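Examination of the molecular architecture
Chain residues, written in single-letter form:
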Amino acid sequence: MRTNNGLPRRAVLALPALALPASALPGAALLASGSAQAQGASDTLTLAVAAPPTSLDPHYHTLSPNNMVAEHFFDPLVGRSASAQLRPGLAESWRVLDDNTWEFKLRRDVRFSNGDEFTAEDVVFTLNRVPRVVNSPGSFTIYTRGVASSEIVDPYTIRFKTNGVYPLLPQDLSQVYIICKAVGENVSTGDFNNGRAVIGTGPFKLASYSPDDRVVMTRNDSYWGEKPDWARVIYRFVTNDGVRVASLLSGDVQMIDVVPPADTPRLRGTQGVTFSEIASLRCIYLKLDTEHDSSPYITGMDGQRLNRNPLRDLRVRQALSIAINRPAIVDRVMQGVAVPTGQMMPAGANGYVADLPAPPYDPDRARALLAEAGYPQGFQIGLIGPNNRYVNDSQIIQAIGQMWQRIGVRTRVEAMPFAVLAQRQARNDMSAMLIGWATAGEPSTALRGNLTTRIPDKGFGTVNFNGYSNPGVDALVEEGMRTADDERREDIFKRAMRMAMEDVALVPLHMQKNVWALRGPLTYEARADEYTMAAGVKRAR
């Protein structure tokens, strides 16, 4: 069966437990444009996003597509504005009581979508569940490890004990979505994916979920915050750039994200199409395998596996970095919709190191460094990356492969769906990989998630599957996380970022820009975190 846009229809997971009327389910009749108008299309928003989530479980995978879908159904204790500033969420306020205690005051009269009242017990239930999620490719424990214990003072007051001064707790808890304790102690990721456990306090309720195709949602009329303009939202996943743009131009969807740079001039010249854009918090970078003694996709020029891993040599990592012409990638591949970088934080954000520029393009020096490291003839390497996650991701790795060829590193480039890449990353089944990381507007998550030694009990290195380890970086990050003074903590984190970048812990390429296109009398407040939020789409007033 095919949908009205010609794309194959995935199996739809019906949600009988939600007791939805038949009209809420995404049957073919409702998806046809004529029927949509008959059902009152003015109350329906249809949008298309470039990247599908890997799960509806809000604690399964620290991934932007997962988080931005979760935000439709769930809320964190601490919210974030479009510019990534902290603001009240399910918690109205928070304060430090002593060096080891934070107190959070919760909103009253908030109900979950099943009618249960939200209380401190749901917060404790959520925090206890996070470390128990099975087979997580990117654990949310990075955001919960700071809580040593929880104390419920009353239904609307909760205190968190920390092991010493921990100033980042509100920032951490802005990343953790609160679920209802009614889902039960043994709730699984599958229970979220089939809809049974999608019980939240967010602005929408789940109607149906078709993996890799769409989520259909209805307005939560009992939502505690500002009610969305839309009674019904069809939130489609369209990974193909051309199909996404064509859907906007034809009127099948009213908004798209990740506007392809090549189509931007045409869309800007199209009557009725408007743009919303902002500088991104997302860094696109390369991971290099330093874990394996012999990296799995590196060979000599004769095709024989090398008995030592070249990527463990700083000179090799430096050579691969300066062999990349970042301005050329930004100009020719990204067509200006990015900014070259030499670190994981964008200019103007907390933690940005002003005198740490993007490494200069220097292929001659790169060849000399390879020779110094014992590879005068180069070697062969496999470079993998997604073909459906970041702006022009597959073109980026193709360009890097050509640049590496010029310094004698013969590169086999392989692009694949992001879901496949995520599993490869979790197994460290790679030698070099393109990936991205969006910070929350400050550097601790980038440092802890990517640049510290993988120590699960500390919540360190949660996505550092490639084996990078520098005790100096670890020590600085730990010191920063214990430092209450904002300016001093900022300086410590900057030192940690500088140390890791000079050690080429990873190869930063550029910061993306976030661009949305809308058709018709609609507005959208562009978000630095790149989230596409249906509640943020407004009818033009």
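Quick notes on the rules
- Residue positions within a chain follow its written sequence, with the count starting from 1.
- Totals for whole chains, interfaces and linings use every residue, but because this is a predicted model, local features are given only for residues with pLDDT of at least 70 and side-chain atom pairs only at 80 or more, for both listing and counting.
- As a convention, hydrogens and water are excluded, and side-chain values are obtained from all of the structure's heavy atoms.
- Just to be clear on terms, a salt bridge is a Lys or Arg side-chain nitrogen sitting within 4 Å of an Asp or Glu carboxyl oxygen.
- Only protein chains enter the accessibility calculation, which uses a 1.4 Å probe; a residue is then buried when its area is under 20% of its type maximum, exposed when over 50%, and partly exposed in between.
- For two strands to be treated as a pair, DSSP must find at least two bridges joining them.
- Strands are runs of DSSP state E lasting at least 2 residues, helices are runs of H or I lasting at least 4, and numbering of each runs from the N terminus.
- Each axis is a line fitted through C-alpha atoms, and for a helix only the stretch in contact is used; angles between axes span 0 to 180 degrees, taken between their N-to-C directions.
- A residue's pLDDT is simply how confident the predictor is in it, with values from 0 to 100.
- We call two residues in contact whenever any of their non-hydrogen atoms come within 4.5 Å of each other.
- Here a polar contact is recorded for every N or O atom pair within 3.5 Å, except that within protein the pair must consist of a potential hydrogen donor and a potential acceptor, and residues adjacent in sequence are included only if both atoms are side-chain atoms.
- Under the pairing criterion, centres of Phe, Tyr and Trp rings, with the six-membered ring standing for Trp, must be within 6.5 Å; the plane angle then separates stacked pairs below 30 degrees from edge-to-face pairs above 60, leaving the rest tilted.
- Remark: a charge is flagged as sitting over a ring if the NZ atom of Lys or the CZ atom of Arg is within 6 Å of the ring centre and within 35 degrees of the ring normal.

What follows covers the pattern of salt bridges. Working definition: two side chains of opposite charge can pair if their charged atoms are close together. Evaluation of the coordinates by the stated rule reveals 32 salt bridges. In this structure, glutamate 277 and arginine 268 form a salt bridge, with 2.7 Å as the shortest nitrogen-oxygen distance. The class of glutamate 277 is partly exposed, set by a relative accessible area of 43%. A salt bridge links arginine 424 to aspartate 429, with the nearest nitrogen and oxygen atoms 2.9 Å apart.

The subject of this paragraph is the sheet that holds strand β4 (residues 91-98). Spatial ordering of the open sheet is given by β4-β5-β7-β6, a layout of four strands whose pairing is antiparallel. Pairing within the sheet leaves two strands with one partner each, and these edge strands are β4 and β6 (149-154). Each adjacent strand pair in this sheet contributes to an overall mean axis angle of 20°, direction not counted. Examined bridge by bridge, β4 and strand β5 (residues 101-106) share six bridges and lie antiparallel to one another. Bridging from a neighbouring strand, arginine 95 pairs with glutamate 103 of β5.

At asparagine 135, a position not held by glycine, the phi torsion is positive, near 60°. Tracing the backbone through its elements, the reader meets asparagine 135 in the loop between α4 (120-129) and β6. A relative accessible area of 63% means that asparagine 135 is categorised as exposed.

Let us look at the confidence of the model for the protein. Residues shown with low pLDDT carry predicted positions that ought not to be read at fine detail. Confidence along the protein averages 90 in pLDDT terms, with 92% of residues attaining 70 or more. Throughout residues 1-40 the model reports pLDDT below 50, and contacts reaching past four residues in sequence, or to other chains, amount to 66 contacts.

A few words now on the environment of tryptophan 224. Relative to the assigned elements, tryptophan 224 resides in the loop between β9 (214-219) and β10 (232-237). Excluding residues within four positions of it along the chain, tryptophan 224 makes contact with Asp75, Gly89, Leu90, Arg107, Val110 and Thr201.

A word on helix α9 (residues 314-322). Three or more residues of α9 are buried, namely Val316, Arg317, Ala319, Leu320, Ser321 and Ile322. Between the side-chain oxygen of the N-cap and the backbone nitrogen of arginine 315 there are 2.8 Å, and the N-cap of α9 in question is aspartate 313.

Attention shifts here to the packing of aromatic side chains. Under the criterion given, the structure shown has 11 aromatic pairs. Here the aromatic rings of tyrosine 235 and phenylalanine 237 are separated by 6.0 Å at their centres, their planes lie at 75°, and the arrangement is edge-to-face. For the ring pair tyrosine 390 and phenylalanine 418, a centre distance of 6.2 Å and an interplane angle of 85° mean the geometry is edge-to-face. A residue pair is termed long-range when its members are at least 10 positions apart, and tyrosine 390 in the loop between β15 (379-386) and α12 (393-405) and phenylalanine 418 in helix α13 (residues 418-426) qualify at 28 residues. The class for phenylalanine 418 is buried, based on a relative accessible area of 6%. Ring pairing ties together the aromatic residues Trp94, Trp102, Phe104 and Phe160, which thus form one cluster. In this structure, arginine 268 is placed above the aromatic ring of phenylalanine 275, and the distance from its NZ or CZ to the ring centre is 4.2 Å. Above the face of the tryptophan 230 ring, arginine 539 is positioned so that its terminal group lies 4.5 Å from the ring centre.

Moving on to the pairing of strand β8 (residues 204-210). Within β8, six of the seven residues are buried, leaving the element largely enclosed by the surrounding structure. The pairing of β8 with β9 spans six bridges and is antiparallel. Within β9, the position partnered with lysine 205 by the bridge is threonine 218. Linking β8 back to β9 in an antiparallel pair, the connection comprises three residues, with aspartate 212 at a positive phi of about 65°.

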